[in-house]
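Summary of structural features
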Amino acid sequence: MQRETHTMKIVIVGHVDHGKSTLVGRLIHDTGSLPDGKLEAIKAMSERRGMPFEWAFLMDAIQAERDQGITIDTTQIFFKTEKRPYIIIDAPGHKEFLKNMVTGAASSEAALLLIDAAEGVQEQSRRHGYLLSLLGVGQVAVLVNKMDLVGYSAERFGTVAEEYRAYLASLGVEPTCFIPISAREGDNIVRHSPHMPWYQGPGVVQALDGFTPAARPALRPLRMPVQDVYKFDQRRIIAGRIESGSLEVGDEVIFSPSNKTATIRSIESWNAGDAPQGARAGQSIGVTLTEQIFVERGDVMSHLENPPMESSVFRARIFWLGRKPLEIGKPYTIKFNTTEAVATVEAIEHVIDTQDLSTRPAERIERNGAGEVVIRTRRLLALDEAETDPATGRFVVVEDYLPVGGGLISMEGYPDQRELITVRSTNITAVGHAVTGEARIARNGHRGGVLWFTGLSGAGKSTLALALEHELFTKGYQVYVLDGDNVRTGLNANLGFTPEDRAENIRRVGEVAALFADAGFLVISSFISPYRSDRERARQAAREAFHEIYIQASLEACEARDPKGLYKRARSGEIPDFTGISSPYEPPETADLVVPTDELPEEECLAELIRYVDRSFRR
Amino acid sequence: MNHLDELEAESVYILREAFAKLDKLAILWSLGKDSNVVLWLARKAFFGHVPFPVMHVDTEKKFPEMYAFRDRYAKEWNLNFIRELCPPLEATDPTLPKAARSAARKTLGLRDAVAKHGFNGLIAGIRRDEEAIRAKERYFSPRTADNSWDLKDQPPEFWGQYMTSFPPGTHVRVHPLLHWTEVDIWRYTKREGIPLIDLYFSRNGKRYRSLGDMDITNPIASDASTLDAIIEELETTKVAERSGRAMDHEAEDAFERLRASGYL
Ligand SMILES: Nc1nc2c(ncn2[C@@H]2O[C@H](COP(=O)(O)OP(=O)(O)O)[C@@H](O)[C@H]2O)c(=O)[nH]1
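These numbers were taken from a predicted model, which means no experiment stands behind them.

A few words on the pairing of strand S1 (residues 25-28) of chain B. The side chains of a regular strand alternate, first on one face of the sheet and then on the other. All names here are of chain B. Taking every second residue as pointing to the same face, both faces of S1 are buried, with Leu25 and Ile27 on one and Ala26 and Leu28 on the other. Bridge count between S1 and strand S4 (residues 121-123): 3 bridges; the pairing is parallel. Residue leucine 25 lies in a different strand from S4, and its bridge partner there is glycine 121. Of the strand pairs in this sheet, S1 and strand S2 (residues 54-58) are connected by 2 bridges, and their pairing is parallel. Bridging across to S2, leucine 28 finds its partner in methionine 55.

Residues and elements named next belong to chain B. The strand order across the open sheet formed by 6 strands is S3-S2-S1-S4-S6-S5, and the pairing between neighbours is mixed. Two strands lie at the open edges of the sheet, namely strand S3 (81-85) and strand S5 (140-143), each paired on one side alone. Taken over all neighbouring pairs, the strand axes of this sheet differ in orientation by 30° on average, direction set aside. Where helix H3 (residues 64-76) meets the sheet, it contacts S2 and S3, and its direction lies at approximately 160° from that of S2. Lying over the sheet, helix H4 (residues 98-117) contacts S1, S2, S3, S4 and strand S6 (171-174), oriented at roughly 140° with respect to S2.

Residues and elements named next belong to chain A. When pLDDT is averaged along chain A, the result is 86, and 93% of the positions lie at 70 or above. Taken together, the stretch residues 61-74 has pLDDT below 50 and engages in 51 contacts with residues farther than four places along the chain or on a different chain. When the criterion is pLDDT under 50, residues 420-432 qualifies, and its contacts beyond four places in sequence or with other chains add up to 16 contacts.

The assigned domain composition of chain A is domain 1 (8-210), domain 2 (217-303), domain 3 (314-412) and domain 4 (436-617). Placing a centre on the C-alpha atoms of domain 1 of chain A and another on those of domain 2 of chain A gives a separation of 41 Å.

Summed over all chains, the structure comprises 35 aromatic pairs over all chains. Plain terms: the ring middles of phenylalanine 157 of chain A and tryptophan 198 of chain A are 5.7 Å apart, the flat faces sit at 40° to each other, and that makes the pair tilted. With phenylalanine 157 of chain A in helix H6 (residues 154-171) and tryptophan 198 of chain A in the loop between strand S6 (177-180) and helix H7 (204-210), this residue pair connects regions lying 41 residues apart in the sequence. Aromatic pair tryptophan 198 of chain A and tyrosine 199 of chain A: ring centres 6.5 Å apart, planes at 80°, arrangement edge-to-face. We classify tryptophan 198 of chain A as partly exposed; its relative accessible area is 32%. Within the aromatic cluster, the residues linked to one another by ring pairs are Tyr230 and Phe232 of chain A together with Phe19, Phe46, Phe47 and Phe52 of chain B. Sitting over the face of the ring of phenylalanine 53 of chain A, lysine 43 of chain A holds its NZ or CZ atom 5.3 Å from the ring centroid. For arginine 43 of chain B, the ring lying beneath its charged end belongs to tryptophan 40 of chain B, and the centroid distance is 5.4 Å.

For the rest of this paragraph, the subject is empty space enclosed by the protein. Any empty space left between the atoms is revealed when a probe the size of a water molecule rolls over them. Scanning all chains against the criterion turns up 5 cavities of 30 Å³ or more. What lines the second largest cavity is Arg297, Lys335, Asn337, Thr338, Thr339 and Glu340 of chain A together with Glu17, Lys21, Gly160, Gln161, Tyr162 and Thr164 of chain B. Secondary-structure elements contributing two or more residues to the lining of the second largest cavity are strand S18 (339-352) of chain A together with helix H1 (3-21) of chain B. Residue classes in the lining of the second largest cavity are distributed as 1 nonpolar, 6 polar and 5 charged.

Here the structure, examined in full by the defined rule, presents 54 salt bridges over all chains. Glutamate 608 of chain A is paired through a salt bridge with arginine 611 of chain A; the nearest N and O atoms lie 3.3 Å apart. Note that glutamate 608 of chain A and arginine 611 of chain A are positioned in helix H15 (residues 602-617) at a spacing of 3 residues, about one turn of the helix. Classification of arginine 611 of chain A by relative accessible area gives partly exposed; the value is 41%. The salt bridge involving lysine 116 of chain B is made with glutamate 84 of chain B; its shortest N-O contact spans 2.9 Å.

In this section: the packing of helix H2 (residues 33-45) of chain B against helix H5 (residues 182-192) of chain B. Each pair of packed helices gets described by two things: the angle between the helix axes and the distance between those axes. All names here are of chain B. The contact between H2 and H5 brings their axes to 10 Å, and the two run at 55°. One element, H2, and the other, H5, form an angle in the oblique class. H2 and H5 meet at a crossing whose hand is left-handed. Across from Lys33, Asp34, Val37, Trp40, Leu41 and Lys44 in H2, the residues of H5 making contact are Glu182, Ile185, Trp186, Tyr188, Thr189 and Glu192. Residues belonging to the contact of H2 with H5 are distributed by class as follows: 6 nonpolar, 1 polar and 5 charged.

Rules used throughout
- Residues numbered from 1 in each chain as written.
- Chains lettered and ligands numbered in written order.
- Predicted model: local features only at pLDDT ≥ 70, side-chain atom pairs only at ≥ 80, totals over all residues.
- Heavy atoms only, no water.
- Buried < 20%, exposed > 50% of the residue type's maximum accessible area, 1.4 Å probe, protein only.
- Helix = DSSP H or I, 4+ residues; strand = E, 2+ residues; numbered from the N terminus.
- Pairing = 2+ DSSP bridges.
- Axes fitted to C-alpha atoms, helices over the stretch in contact; angles between N-to-C directions.
- Contact = heavy atoms within 4.5 Å.
- pLDDT = per-residue confidence, 0-100.
- Domains from an automatic or database assignment.
- Phe/Tyr/Trp six-rings, centres within 6.5 Å; stacked < 30°, edge-to-face > 60°.
- Lys NZ or Arg CZ within 6 Å of the ring centre and 35° of its normal.
- 1 Å grid on protein atoms, 1.4 Å probe; cavity = no way out; pocket = protein on both sides within 12 Å on 5 of 7 lines; lining within 4 Å.
- Points joined across faces, edges and corners; volume = space filled by probe spheres on them.
- Nonpolar A, V, L, I, M, F, W, Y, C, P; charged D, E, K, R; others polar.
- Salt bridge = Lys/Arg side-chain N within 4 Å of Asp/Glu carboxyl O.
- Parallel < 35°, antiparallel > 145°, perpendicular 65-115°, else oblique.
- Left-handed = near helix turned anticlockwise from the far one by under 90°.

Shown next, in the form of structure tokens:
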């Protein structure tokens, strides 16, 4: 038989001392996968140390483990059967090391779950079964071990198997098989055991060979979370991995949650023969687009039909590994596809007892616990339900830099917000003074500040301000544009266009912007503000939160654009004191950022601004 | 997708994650078959470019063939190449066995290079199947400020979400080949036509299976003089890959001690 080349990833789980390490030792030995001389060396070593030989020693390759007597981390061991190679992950049963089991199990294609025939189903047997289902390990073989200790009794095997079958059934998991084994004696591992003639089913190796390799679903709707956008040469390549579905050159695609559409012009590759015309789930690819739209890491590319949902609130089944419990109202970072978002748990619906799957209300989820929660993110996310699309329907929770939990998304009871996202952020609520700036930053995930746009009429201030506001809003910023339209009609309704009134206009805008910034907002102010002295005053109001952004275009360019026909009217003398024509513009001497709109296309300018904001204000 | 395509896609994904999240990144190029594959994968990931430095921490004890190879491909592949020297043997821990001391030079050299260039991410071509202790690695493996590795308390890593933000002063080792096996490396090298140092091929009945410093690496008995023959040999052998490296055998825990202090 020709051996498959795919190395299947297997995890071995079960309660402490139920025989996981022993089974691993057995498997590598009985399949002939052990380097020559290793078994002898280990036997000699245990003799030297005066310990009886254990199959588990084969695994305990490092000092720390031998000293402590328990396996401390996910260990990966390779072995081969006739059918294919395997990586076997011994996931320890000790409670402390659940996070290692999660690491191992989440990357596995199938699991072997051991239960001691004499001790029967124990706490970790259930918890591990529960986690396997949560982590998405679909194929499980249950091994009832140490059959030698129960006289190879068919009845005992039946009792243990039935109890555990019932538990898995309530999780909706159907195991591939139940096998009675003795890891230590080698019963039903590679060969059928003469001690258990009553058992006709597969041995462990046969069960392993019966598993099917996991593959990302090519038949589901397309999802490609954008990893990055590269401009190493003339090409602008959108890079990412297709998590599900497939695509072809010429396909119309949409990027969520920014909701921009484009057409795939090419699939780029290097040293891979002819330019590919299509790609499918599992491939890490790069595409170029026909239209020059602004796309960034975190966007999800899909087809126009069947795009992901968009929401900033959803339900999740969570498991928690953090030292500190999961708490309502506390801001966490969640990592989701290729994006990150600040999230708070709005409600804990219940916690789940993994022993009997009963639920009860709770205020927090403790370490190694599980529960169902409602999560609200500051920004809109493009998401799927874990039930149908596991890869794009689950997230990792991070606290103090460390991954502390995982969650599966369900949208039950919550609408798709895709339709709602054009709404502008207008509901500003007053905040009490007992709130510190630090707390606001923690909540918002960014500092407040003033982006003071200055530049000639027609340089592109308003266009960029509004586009930037929209982008930042979808990215989760608290952002608001101050411009002539919303200031002149209210706050400054009593001001005209005399030089004094203009100066007062700018002064008030500067003060209001500073208040916004103090309240944690990012304010984009979009005024010509031609005089350095006026801008200097605005800087003094907001102090270090003030960022002067020069939206730069030459007078000729602005006059050529003349979107509102103002230059023409100024030239004819109809508008007096027009900046650039009949009144001076004093360009910034030390702008924090210069955006040359007459040199760069609009989406480049926007990208420049977004990068600047992320760099300067993200926490 | 076949097996090699899957491996490649996963590694490319990891390299791109590293590039997106770590701003001072470099590839460690040991000139051996594994780090050549890493370089190749980087060129795949970034469409022919390697957008960060490629660093060789030089013990000055490599085979002449290795230096010739390095100089040729650093130029041909248009790499942003950096060479850093290791400190002398006297600078290493005198309680370590001899061969381990010589490998420890590399650890020190690496520490100095990281400090000098301010790297916060180093890409290295280690594999889980090389040695038991490497089996415990993560794709993104944080190191503390003094470069050490806390074997007993590693962050969980699941669902393709790697640990990519860190407290100040931490740097991270990125291991895009962690899930590859030795024979995968050879099959991929063959498929892609990746150039290689001749020492891997049999001459007078001996070849090198793994290339370290000249004084601590021994060839194994082998007649495999082509890629196909090497692949075939690996299919049947049960001898551990690093068995040609002297230091692994000197003390049961030498490898672990080296690793905890920053050796690859
Ligand atoms: N009698 C008997 N003992 C076993 C069997 N499998 C494992 N053991 C013993 O159970 C103990 C715990 O096994 P180990 O593999 O370390 O369990 P782990 O904690 O799940 O990895 C050891 O003393 C083993 O020798 C078996 O099939 N029969």
